[in-house]
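In case you want the letters, here they are:
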Amino acid sequence: MEVWSRAQVLAAAPDDASRRAATPLTATRLWSESGRGAEGLLWGRCRGSATYAVVADPGRSYACSCPSRKSPCKHALALLLRWADGLVPPGDEPAWVSAAAGSRREPRPAEEREPDTDAAAARVAERRAKVTAGLEELDRWLHDQVRTGLSVWERRAWTHVEGVAARMVDAQAPGVAGMLRGLPGLLARDAWPEHLLGALAGLHLLVVAHRGLDRLPDDLAATVRARVGYPVAKAAVLARPGLVDHWWALGAVDSLDGRLETRRVWLWGPATRSWALLLSFAVPGAGLDESVAVGQVVHGAVHRYPGAAEHRVLLGEQLPVEEDAVREVQGASPAEPVAGAEGRWAAQVGADPWATRMPAVLRAVPVPPSRPGEPWHLADPDGSAVRLVTGTPDPWPLLAASGGRPVDVFGEWGPAGFSPVRLVERDAVGARLLAVA
C-alpha cells in the first residue's frame, strides 16, 4: 500500500481538534508493540492516561480501545502520522490486533487489491471541490483585509490568521494554511505593511491560479497544486526521470514550522550544474532525516518533484563514490557573482510567483553598514549587492573570515535578501564547509 503523506493523514481527521491532539502523541516514547503488515494494516499500543490498543487500516477502518467516538480518534491519527514519517516498522501481526480491531475490521477481498480508478477519480474530485470552496472563502477574507486596512495586524496578528488557517486545513489545503501562519512574522521586518500586502496579494494570486488550474501549463499547474498542499505520492516522483550526478551536500537548514520540524539539505551537482533539495519533516523529538550529512558527496540519481522551478527531489538508486570524484566535485565551484544570482532569482519568481528561497553560492565581500541600524550586504567588486539576512544583527565572524576579500558563501536567497549558511573554504586537500556564526 502506498504510504500516505502527512497532509493525507491530517485530511482524514474528523476535525481540527483531533489534528491538534494527535501531534504530541507521535513521540516514540509513547508507543510500543508498533508495526505494519504486508497489506497495510497498522497497529501499536499508545501510552496516555491509560495504554490504548490502536489498529488502523488506512482509508478503511480504525479501532482504538480509548473511549472516543471519533473515527479516526487522536491515537489512530498519531499512528498514521508515525506511518507517514516512516516510524512504523514492518512486522508480524500480534495476536491482540484482531481482538482490538473487533467488528470494525473487515476482511480485505482479493478484488479490492486492484486499483479502483473510478473511486480514485471520485476522491480527487471531492478533494478538489473542498479545496475550491475553502479558497473562495479565503479570497473573501483577503478582500476584507484590504478593504478594512492593515493596522489591526499590529495588535492581533496571530489570532487574526489562526482561524482562517485552521479553516484551510479543514479544506484540505495545508500549504495555504502554512503560508497564512507565516504572515505574522512579516511584521518584524522594516516597512512591514508593504511585505504583508505583497504576501496577501500572493495568496490572492494562488486562489486565481487554482480557479484556472485546468488551463495552466503542466509545470505551473503542478506548482499551484504543491503550494495549495495537494499530496504527491513518492512512487509517482520516483517514476519520473532521474538526474545522475555526484551530489555535494553544501548545507542544511533546520526550521520549526508550527508544530513540525523541517530540514532542508541542499545538493549541488557539478556535471549537470543543477541544485536539488532533500526535504524532511518530523514532529519535535522524533528526529529528522540524517541520511545525507553536510559535506557528503552522494553519487546517484535524484528524481525531481513536478513543478515549475522545483528543487525538491527524492534520492533514487545510489552508486559507489570514488575518492578522486569527491575531490573533483569539491574543486568544481558553483560560486557566482551577486548579479548572476539576482538574475536566477528573477527567473525563478517568474516561473513560480510563490517562491520563498533559492540556493546560491555567492563570491562576494561582506560589507558592514555605513551608518548604525542599516543592514549588512554581500557585494561584488562591480558594486552589485544583496542584503544579508542573519539570525544575529552583526555578522562580524563572516567579515573576519573574509579578511576584506571575496569569499564563497553558501546560503538561501529569498524576498528579504540572502541568508548565509556555510562558508566554502578551499585548500590543497579539498574544500571545507564552515558554519556561519
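The structure this text deals with has already been given above.
Residues numbered from 1 in each chain as written. Predicted model: local features only at pLDDT ≥ 70, side-chain atom pairs only at ≥ 80, totals over all residues. Heavy atoms only, no water.

Asks: Just to check I follow, could you spell out the pattern of salt bridges for this structure?
Replies: Two side chains of opposite charge can pair, provided their charged atoms sit close to one another. Evaluated as defined, the whole model comprises 23 salt bridges. Arg-128 is the salt-bridge partner of Asp-214, the closest N and O atoms lying 3.5 Å from each other. In this pair, Asp-214 sits in the loop between helix 8 (192-211) and helix 9 (218-228) while Arg-128 sits in helix 5 (residues 117-148), placing the two residues 86 residues apart along the sequence. We classify Asp-214 as exposed; its relative accessible area is 63%. Its relative accessible area of 25% is what places Arg-128 among the partly exposed residues. For Asp-139, the salt bridge is made with Arg-211, and the minimal N-O distance between the two is 2.8 Å. Taken together, the residues Asp-139 in helix 5 and Arg-211 in helix 8 connect sequence positions 72 residues apart. (Salt bridge = Lys/Arg side-chain N within 4 Å of Asp/Glu carboxyl O. Helix = DSSP H or I, 4+ residues; strand = E, 2+ residues; numbered from the N terminus. Buried < 20%, exposed > 50% of the residue type's maximum accessible area, 1.4 Å probe, protein only.)

Asks: In this structure, what is going on with the pairing of strand 4 (residues 61-64)? I would like to understand it.
Replies: On any regular strand, side chains alternate: one points to one face of the sheet, the next to the other face. Burial along strand 4 is two-sided: the residues Ser-61 and Ala-63 and Tyr-62 and Cys-64 are all buried. In this structure, strand 3 (residues 51-57) lies alongside strand 4, joined through 4 bridges in antiparallel fashion. Within the sheet, the bridge partner assigned to Val-55 lies in strand 4 and is Ala-63. Here strand 3 folds back onto strand 4, and the loop between the two strands holds 3 residues, one of which, Gly-59, carries a positive phi near 85°. (Pairing = 2+ DSSP bridges.)

Asks: Whenever I open this one, the packing of aromatic side chains confuses me. Can you help?
Replies: This model, assessed by the stated rule, comprises 6 aromatic pairs. Both rings, one in Trp-141 and one in Trp-153, keep their centres 6.1 Å apart while their planes meet at 65°; by these two values the pair is edge-to-face. Of this pair, Trp-141 sits in helix 5 while Trp-153 sits in helix 6 (residues 153-170), and the two are 12 residues apart along the sequence. On the accessibility criterion, Trp-141 (14% relative accessible area) is buried. Here the aromatic residues Trp-268, Trp-275 and Phe-410 are joined through ring pairs into a cluster of three or more. When the ring centre of Trp-96 is taken as reference, the NZ or CZ atom of Arg-45 above it lies at 4.3 Å. Looking at Arg-312, its charged tip hangs above the ring of Tyr-305, at a distance of 4.3 Å from the centre. (Phe/Tyr/Trp six-rings, centres within 6.5 Å; stacked < 30°, edge-to-face > 60°. Lys NZ or Arg CZ within 6 Å of the ring centre and 35° of its normal.)

Asks: Any chance you could explain the nonpolar core here in plain terms?
Replies: Nonpolar side chains tend toward joint burial in soluble globular proteins. Membership of the largest hydrophobic core comes to 33 residues, with the highest contact counts inside it found for Leu-138, Trp-141, Trp-153, Val-176, Leu-180, Leu-183 and Val-228. Of all elements in the fold, only helix 5, helix 6, helix 7 (174-181), helix 8 and helix 9 reach the threshold of two or more residues within this core. Apart from residues lying up to four places away in sequence, Trp-141 is in contact with Trp-153, His-160, Val-161, Val-164, Leu-180 and Leu-200. Residues Val-9, Ala-78, Leu-80 and Val-88 belong to the second largest nonpolar core, which totals 26 residues. (Core = buried A, V, L, I, M, F, W, Y, C linked by side-chain atoms within 4.5 Å. Contact = heavy atoms within 4.5 Å.)

Asks: Is there a simple way to think about the sheet that holds strand 11 (residues 377-379) in this case?
Replies: What links the strands of a sheet is backbone hydrogen bonding, and the strands pair in either a parallel or an antiparallel sense. On the basis of which strands lie adjacent, the open sheet formed by 6 strands has the order 12-11-10-13-14-15 and antiparallel pairing. The sheet terminates laterally at strand 12 (385-387) and strand 15 (431-435), the two strands that pair on one side only. Direction aside, the axes of adjacent strands within the sheet are offset by 45° on average. Together, strand 10 (358-367), strand 11, strand 12 and strand 13 (407-414) form the strand contacts of helix 12 (residues 338-351), whose direction differs from that of strand 10 by roughly 150°. (Axes fitted to C-alpha atoms, helices over the stretch in contact; angles between N-to-C directions.)

Asks: Would you explain the sheet that holds strand 9 (residues 313-319) in this entry?
Replies: The 5 strands are arranged 7-6-5-8-9 in an open sheet whose pairing can be described as antiparallel. This sheet does not close on itself; its edge strands, each paired only once, are strand 7 (274-282) and strand 9. Between one strand axis and the next, the sheet turns through 45° on average, direction left out of account. As defined by bridge partners, strand 5 (residues 242-257) adjoins strand 8 (residues 297-304) across 7 bridges and the pair is classed as antiparallel. Across the sheet, the residue bridging to Val-244 is Ala-301, located in strand 8. The strands that helix 11 (residues 323-331) touches are strand 5 and strand 8; relative to strand 5, the one it contacts most, it runs at about 65°.

Honestly, it's all geometry; don't read function into it.
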